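Now for the letters of each chain:
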Amino acid sequence: MCTRATCAALKAKAATMVDAATLEKLEAGFSKLQGSDSKSLLKKYLTREVFDSLKNKKTSFGSTLLDCIQSGVENLDSGVGIYAPDAESYSVFAELFDPIIEDYHNGFKKTDKHPPKNWGDVDTLGNLDPAGEFVVSTRVRCGRSLEGYPFNPCLTESQYKEMEDKVSGTLSSLEGELKGTFYPLTGMSKETQQQLIDDHFLFKEGDRFLQAANACRFWPTGRGIYHNENKTFLVWCNEEDHLRIISMQMGGDLQQVYKRLVSAVNEIEKKIPFSHHDRLGFLTFCPTNLGTTVRASVHIKLPKLAADKKKLEEVASKYHLQVRGTRGEHTEAEGGVYDISNKRRMGLTEYDAVKEMYDGIAELIKIEKSL
Ligand SMILES: Nc1ncnc2c1ncn2[C@@H]1O[C@H](COP(=O)(O)OP(=O)(O)OP(=O)(O)O)[C@@H](O)[C@H]1O
Ligand SMILES: NC(=[NH2+])NCCC[C@H](N)C(=O)O
């Protein structure tokens, strides 16, 4: 017979157990992935052994292995294929996250510790292309998560609203070049939204990788964009991460772009506490963005080098750079314009992540000139 005490204990145990339907989906997902020709890091590191050791685990938010891997299972063309539904997932499912992090971030081992934040001397970076021959535009972004909130899949509708209020309220106090307006996605006309996307200022809608990760619930509630008048400083609210802080402008003046980003982050950090992990650095939804969270990119035309796309990618990867299409990740180049950025974000400082892009692009331009 079930006494009150044993009943409560059984209930508590059931709450920490992964239910049969989830286990069934996990097994089906595992078979689908391993039977596919997916090139994702998820497929590479989710061995039967790792799968069996993690399939019954749950975080205190109730997130399971399925929540972490479902995007990569559904989208077999994923490069990575895994997201952390909450910060605890990085430790509960470390057996899977750690080797993926090590592979993506150039050998950042599970025993390694991400260095403390260091923006470095912002005056030491220059203009990548003073003559304006190759670089169309330059952008540096970083991601931040608000302390006290889980990532997208675990957020409630009211948390989305609360976060949007917090973010827009805080940004409204920015001054000088950073002064701007917050535009919620709710109520924005489709034309305005599309124009902002086409001009590379706003995140796209309906990203299938995020959707499959359960990251687009209650859309467009709580999502929005803040920008200054000339759109050189922008903040995305509640897309992939709670915050994406962005500085961008036409041409190759990385110093100006980086300086603006650093002063903006320093200002915002005074007003909002961000989630930071002793070993992993700043916390983000996707393991590719942990650490510095910095992606410094140029839109660049390198017609000779890019005549052979494979060659371009090979040379870029030699300098630890990643090549994307004109409209960002998972898109193709239009009119010969590529998005080239630093690939790793962990195990080095913010300054060094940006410098990695600076040095690599300088080399690519040198090669292009020599061809
Ligand atoms: N140097 C750049 N100049 C102009 N636009 C850029 C530049 N780099 C990226 N973008 C634009 O930023 C938008 C977002 O791109 P994308 O989603 O690939 O990167 P992200 O914002 O860094 O985030 P994530 O890596 O999570 O995808 C796209 O419209 C892309 O074209
Ligand atoms: N925006 C990102 N987090 N990009 C990195 C990974 C995106 C996607 N999940 C993939 O594996 O291809």
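If you look the chain up in an unreviewed UniProt entry, it shows as arginine kinase from Bombyx mori. Under Sequence similarities (unreviewed entry), UniProt gives the following word-for-word description of the chain: "Belongs to the ATP:guanido phosphotransferase family."

1. Description of the site of ligand 2
Every residue close to ligand 2 is listed here: Ser78, Gly79, Val80, Gly81, Tyr83, Phe209, Glu240, Cys286, Thr288, Asn289, Glu329 and His330. The side chain of glutamate 329 places a nitrogen or oxygen atom 2.5 Å from a nitrogen atom of ligand 2. For ligand 2, the accessible surface in isolation is 330 Å², of which the surrounding protein chains cover 92%. Taken together, the residues of the shell around ligand 2 break down into four nonpolar, six polar and two charged. Looking at which domains feed residues into the shell around ligand 2, each of domain 1 (8-104) and domain 2 (122-370) supplies at least three.

2. Thoughts on the domain arrangement of the chain
Along its sequence, the chain is organised into domain 1 (8-104) and domain 2 (122-370). Taken together, the contact between domain 1 and domain 2 spans 21 residues of the former and 25 residues of the latter. For the domain 1 and domain 2 pair, buried surface summed over both sides reaches about 2,000 Å², with 63% attributable to carbon and sulfur atoms. A salt bridge links aspartate 98 to arginine 279; its shortest N-O distance comes to 3.0 Å. On inspection of domain 1 and its partner domain 2, the count reaches eight residue pairs in polar contact (both at pLDDT 80 or more). Of all the secondary-structure elements, those providing two or more residues to the side of domain 1 that touches domain 2 are helix H5 (65-74) and helix H7 (94-104). Element by element, the count of residues in the side of domain 1 that touches domain 2 is highest for H7, at five residues. Of the residues belonging to the side of domain 1 that touches domain 2, the class tally is 11 nonpolar, five polar and five charged.

3. Some points on the packing of aromatic side chains
As enumerated under the stated definition, the model contains nine aromatic pairs in all. Considering the side-chain rings of tyrosine 83 and phenylalanine 285, the 4.6 Å spacing of their centres and the 25° angle between planes classify their relative orientation as stacked. One end of the pair, tyrosine 83, is in the loop between H5 and helix H6 (89-92); the other, phenylalanine 285, is in the loop between strand S7 (281-282) and strand S8 (295-301), with 202 residues separating them in the sequence. You can call phenylalanine 285 buried: its relative accessible area is 1%. The rings of Tyr83, Phe151 and Phe285 are connected pair by pair, giving a single aromatic cluster. In this structure, arginine 223 is placed above the aromatic ring of tyrosine 160, and the distance from its NZ or CZ to the ring centre is 4.1 Å. The ring centre of tyrosine 104 lies 4.3 Å from the NZ or CZ of lysine 343, which sits over that ring.

4. Some remarks on the pairing of strand S4 (residues 233-237)
Most of S4 sits out of view: five of its five residues are buried. Here S4 shows two buried faces, one formed by Phe233, Val235 and Cys237 and the other by Leu234 and Trp236. Looking at chain direction, strand S3 (residues 224-228) and S4 are connected through four bridges and run antiparallel. Across the sheet, the residue bridging to isoleucine 225 is tryptophan 236, located in S4.

5. Side note on the UniProt feature "domain: Phosphagen kinase C-terminal" (unreviewed entry) in the chain
The UniProt feature table records "domain: Phosphagen kinase C-terminal" (unreviewed entry) at residues 134-371. Taken end to end, residues 134-371 has its terminal C-alpha atoms 14 Å apart, with 33% of it in helix and 23% in strand.

6. Describing unusual backbone geometry
If a residue is not glycine, its phi is most likely negative; likewise, a peptide bond is most likely trans. For the bond running from tryptophan 219 to proline 220, omega is 5°, close enough to zero to count as cis. Turning to its location among the elements, proline 220 is positioned in the loop between helix H10 (208-212) and S3. Positive phi, normally seen in glycine, also occurs at histidine 200, with a value near 75°. Here histidine 200 shows up in the loop between helix H9 (190-198) and H10. Since its relative accessible area comes to 30%, histidine 200 is described here as partly exposed. Backbone geometry places threonine 293, a non-glycine residue, at a positive phi of 65°. Looking at the secondary structure, you find threonine 293 in the loop between S7 and S8.

The rules behind the values
Residues numbered from 1 in each chain as written. Chains lettered and ligands numbered in written order. Predicted model: local features only at pLDDT ≥ 70, side-chain atom pairs only at ≥ 80, totals over all residues. Heavy atoms only, no water. UniProt positions renumbered as here; feature names shortened; annotations may be inferred. Near = heavy atom within 4 Å. Polar contact = N/O pair within 3.5 Å; in protein donor to acceptor, adjacent residues only side chain to side chain. Areas by Shrake-Rupley, 256 points an atom, 1.4 Å probe, with all protein chains shown as cover. Nonpolar A, V, L, I, M, F, W, Y, C, P; charged D, E, K, R; others polar. Domains from an automatic or database assignment. Contact = heavy atoms within 4.5 Å. Buried area = accessible area lost by both parts, 1.4 Å probe. Salt bridge = Lys/Arg side-chain N within 4 Å of Asp/Glu carboxyl O. Helix = DSSP H or I, 4+ residues; strand = E, 2+ residues; numbered from the N terminus. Phe/Tyr/Trp six-rings, centres within 6.5 Å; stacked < 30°, edge-to-face > 60°. Buried < 20%, exposed > 50% of the residue type's maximum accessible area, 1.4 Å probe, protein only. Lys NZ or Arg CZ within 6 Å of the ring centre and 35° of its normal. Pairing = 2+ DSSP bridges.

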